[in-house]
Amino acid sequence: MCKIEQFIGSKLQERKDKLSIRNLSTNTPPVDFCSNDYLGFARSGELKHLIDATLASMPDYLNGAGGSRLLSGNTHFTEETEQFIADFHMAESGLIFNSGYDANVGLLSSVPQRGDTIITDELIHASIIDGCRLSHATRFKFHHNDINDLEDKLKLAKGNIFVVVESVYSMDGDIAPLLTVSDLCERYSANLIVDEAHATGIFGENGRGLINQLNLNDRVFARIVTFGKALGMHGAIVLGSRNLRHYLINFARSFIYTTAAPIHNIVAVNCAYQYLYQVDQQLIHQKIALFRKALKKYQIKALDSESTIQGILFSSNEATKQAAANLQSKGFDVRAILSPTVALGKERLRICLHTFNTSEEMVSLVNHLKELN
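This write-up is about the structure you can find in this document. (Residues numbered from 1 in each chain as written. Predicted model: local features only at pLDDT ≥ 70, side-chain atom pairs only at ≥ 80, totals over all residues. Heavy atoms only, no water.)

## Details of the overall build of the protein
Threshold: Helical segments are the DSSP runs of H or I of at least four residues, strand segments are the runs of E of at least two, and each set is numbered from the N terminus. Our radius of gyration is a C-alpha quantity, and the globule rule it is checked against amounts to 2.2 Å times the number of residues to the power 0.38. For every residue, the accessible area obtained with a 1.4 Å probe (protein chains only) is divided by the maximum for its type, and the residue is called buried under 20%, exposed over 50%, and partly exposed between those limits.
For the protein, the count of helices and strands is 14 helices and twelve strands. A compact globule built from 373 residues would reach a C-alpha radius of gyration of about 21 Å, and the protein, at 21 Å, matches this within 12%. Along the longest, intermediate and shortest principal axes, the C-alpha atoms of the protein span 55 × 55 × 55 Å. Across the 373 residues in the protein, those meeting the buried criterion constitute 53%.

## With respect to the packing of aromatic side chains
The test is simple: Here a Phe, Tyr or Trp ring, Trp counted by its six-membered ring, pairs with any other such ring whose centre lies within 6.5 Å, and the pair is stacked when the planes are under 30 degrees apart, edge-to-face when over 60, and tilted otherwise. For a lysine, the NZ atom is tested; for an arginine, the CZ atom; a charge sits over a ring if that atom is within 6 Å of the ring centre and within 35 degrees of the ring normal.
Within this structure, the stated rule accounts for nine aromatic pairs. Relative to Tyr-277, the ring of Phe-88 has its centre 5.6 Å away and its plane inclined at 85 degrees; by these criteria the two rings are edge-to-face. A residue pair is termed long-range when its members are at least 10 positions apart, and Phe-88 in helix α3 (residues 76–88) and Tyr-277 in the loop between α11 (263–276) and α12 (281–297) qualify at 189 residues. For Phe-88, a relative accessible area of 2% gives the class buried. Between the aromatic rings of Phe-227 and Tyr-273, the centroid separation amounts to 6.1 Å while the plane-to-plane angle is 90 degrees, which identifies the pairing as edge-to-face. Of the two residues, Phe-227 is situated in the loop between β7 (222–226) and β8 (236–240) and Tyr-273 in helix α11; the sequence distance between them amounts to 46 residues. Taking relative accessible area as the criterion, Phe-227 reaches 1% and is therefore assigned buried. Three or more aromatic residues link up through ring pairs in this structure, and these residues are Phe-84, Phe-88, Phe-227, Tyr-273 and Tyr-277. Sitting over the face of the ring of Phe-88, Arg-208 holds its NZ or CZ atom 4.6 Å from the ring centroid.

## Description of α12
Basically, it comes down to this: Multiplying 1.5 Å by the helix residue count minus one yields the expected span of that helix. By arc we mean the arc of the directions from the helix axis to the C-beta atoms, nothing more. Here, two residues are considered to be in contact whenever any of their heavy atoms come within 4.5 Å of each other.
With 17 residues, α12 should reach 24 Å at 1.5 Å per residue; the first-to-last C-alpha distance of 25 Å fits that figure. Three or more residues of α12 are buried, namely Gln-281, Ile-284, Lys-287, Ile-288, Phe-291, Ala-294 and Leu-295. The buried residues of α12 occupy one face: seen down the axis, they fall within an arc of 160 degrees. Turned more than 90 degrees off the buried face of α12, the exposed positions are Gln-286, Lys-293, Lys-296 and Lys-297. Looking at the buried residues of α12, the elements they touch are α11, β9 (309–313), β12 (348–352) and α14 (359–372). Positive backbone phi, approximately 55 degrees, marks Gln-299, located one or two places after α12.

## Describing the pairing of strand β2 (residues 93–97)
Successive side chains on a regular strand alternate, one facing one side of the sheet and the next facing the other. Condition: Strand pairing is assigned whenever DSSP detects at least two bridges linking the two strands.
Of all five residues making up β2, five are buried, and the element is well covered by its neighbours. Sheet topology places β2 next to β8; five bridges connect them, and they run antiparallel. Each bridged residue has a counterpart across the sheet, and for Gly-94 the counterpart in β8 is Leu-239.

## A look at the state of the cysteines
The condition that has to hold: Cysteine sulfur atoms are paired as a disulfide whenever they fall within 2.5 Å.
Per the stated rule, a full pass over the model turns up zero disulfides. Just so you know, Cys-352 is unpaired, no disulfide at all, and the nearest cysteine sulfur is the one on Cys-34, 6.5 Å from it. Assessed through its relative accessible area of 0%, Cys-352 is described here as buried.

## Points about the sheet that holds β12
What counts here: Convention adopted: a line fitted to C-alpha atoms gives each axis, helices being fitted over their contacting stretch, and angles between N-to-C directions are expressed from 0 to 180 degrees.
In spatial order, the strands read β9-β12-β11; together these three strands make up an open sheet with antiparallel pairing. Each edge of the sheet is formed by a strand with only one pairing partner; in this case those strands are β9 and β11 (335–337). The sheet shows a mean angle of 35 degrees between the axes of neighbouring strands, taken without regard to direction. Relative to β12, β9 is paired through five bridges, and the arrangement is antiparallel. Looking at β12, one finds that Gly-311 is bridged to Arg-350. Set on the sheet, helix α13 (residues 317–329) makes contact with β11 and β12; between it and β11 the angle comes to about 165 degrees.

## So, the nonpolar core
The nonpolar side chains of soluble globular proteins are, as a tendency, buried together. Quick reminder of the rule: For this analysis, a nonpolar core means a set of buried residues of the types Ala, Val, Leu, Ile, Met, Phe, Trp, Tyr and Cys, connected via side-chain atoms within 4.5 Å.
Leu-107, Val-163 and Leu-369 are the most contacted members of the largest nonpolar core, which has 105 residues in total. If one sorts the elements of this core by residue count, α11 sits on top with ten residues. Once you skip the residues sitting within four places of it in the chain, Leu-107 turns out to touch Pro-112, Ile-193, Ala-222, Ile-224, Val-238, Leu-244 and Leu-248.

## Description of the sheet that holds strand β6 (residues 190–195)
Judged by pairing direction, the sheet is mixed, and its seven strands sit side by side in the order β2-β8-β7-β6-β5-β3-β4 without closing on themselves. Each edge of the open sheet carries a strand with a single partner, namely β2 and β4 (138–142). Mean inter-strand twist for the sheet, computed between neighbouring axes without regard to direction, equals 20 degrees. Across the sheet, helix α5 (residues 126–134) lies against β3 (117–121), β4, β5 (161–166) and β6, angled at about 165 degrees from β3, the strand it touches most.

## Details of the packing of helix α4 (residues 100–110) against α5
To keep it simple, the criterion reads: By the definition adopted for this analysis, an angle is roughly parallel if under 35 degrees, roughly antiparallel if over 145, roughly perpendicular if from 65 to 115, and oblique otherwise. A clockwise turn of the near helix away from the far one marks a right-handed crossing, whereas an anticlockwise turn of less than a right angle marks a left-handed crossing. Residues are grouped as follows: Ala, Val, Leu, Ile, Met, Phe, Trp, Tyr, Cys and Pro are nonpolar; Asp, Glu, Lys and Arg are charged; every other residue, Gly included, is polar.
In contact at an axis separation of 7 Å, α4 and α5 are set at 30 degrees when each is read in the N-to-C sense. The angle between α4 and α5 falls in the class roughly parallel. Both α4 and α5 take part in a crossing whose hand is right-handed. Residues Gly-100, Tyr-101, Asn-104, Val-105, Leu-108 and Ser-109 of α4 form the contact with α5, whose own contacting residues are Ser-127, Ile-128, Asp-130, Gly-131, Cys-132 and Leu-134. For the contact of α4 with α5, a count of residues per class yields six nonpolar, five polar and one charged.

Don't take any of this as a statement about function, it's just geometry.
Put into structure tokens, the structure is as follows:
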């Protein structure tokens, strides 16, 4: 066996020994408490009909992209969709990327320069971390949602300053103190960047997100909105000024050097945004309240969350995997989140709530969680 195969084998064995090895699975128990399809868009027959009808009216656009947006992959419909989404979120402009990962990497790797400073929450998404690593800027992280620690880091910052947070955190499900963070950024002339992946569709009028709900539209430098959560689609958009959009077209490598999304993907995203106007956002919040009430009734210790993401902590990777397997055997699609994805000792079941989860399913899940505790 050659040296590189020995290295690969040893790293995989380390993960196996720590019970943190990842494997792909096609096993999907019938009751979904796992996916990010919070509003059920990915399974919506009505939305599929809208997408099909729109595609049928656009015969010239039915082929794939065939190149990057800067070559053969751009269309009027794509640019109209970008502006439609920007208007929906009350932003000046937007640029679509092929994924949330691409959007975060493209933005964070291209805008901050050597001599600038990026300050991120310690629980920020891996895609943001990777984007920051590709930047030549100085990087700090502050304790999760800790305003005092953020200010300590701001006092050390030089050059153009960028503070990066998520409005709703993907693993804990809690919400950033956006008003206070925004005030602090203005005091230190810092540029606020907010990832709204898990807030879009859930918070704000018609699901416009927490930035809109808190009237912070004009106080953020950039927002990242992904289409693969509540919208049930794929891709993402960076929202900001027209200048920012033009800058990213010229300098964001994850935008420039990739084939554009096919037009049917853009049509699907456009239709999903249209469909948001038909959604009663109160329904998902009623589901969240019911689930939290059931957890409290049975004294099940959960992370504090007002979002669709609910975390039940366990003591180790092994205990978490066993709990997930137990629930899956009873028909609940609940997955274990293990270290190193989360910090050692904070392994958890990540339970996602959806509009299509019935009250009976949620209460039954909580009853089974009680047996595991």
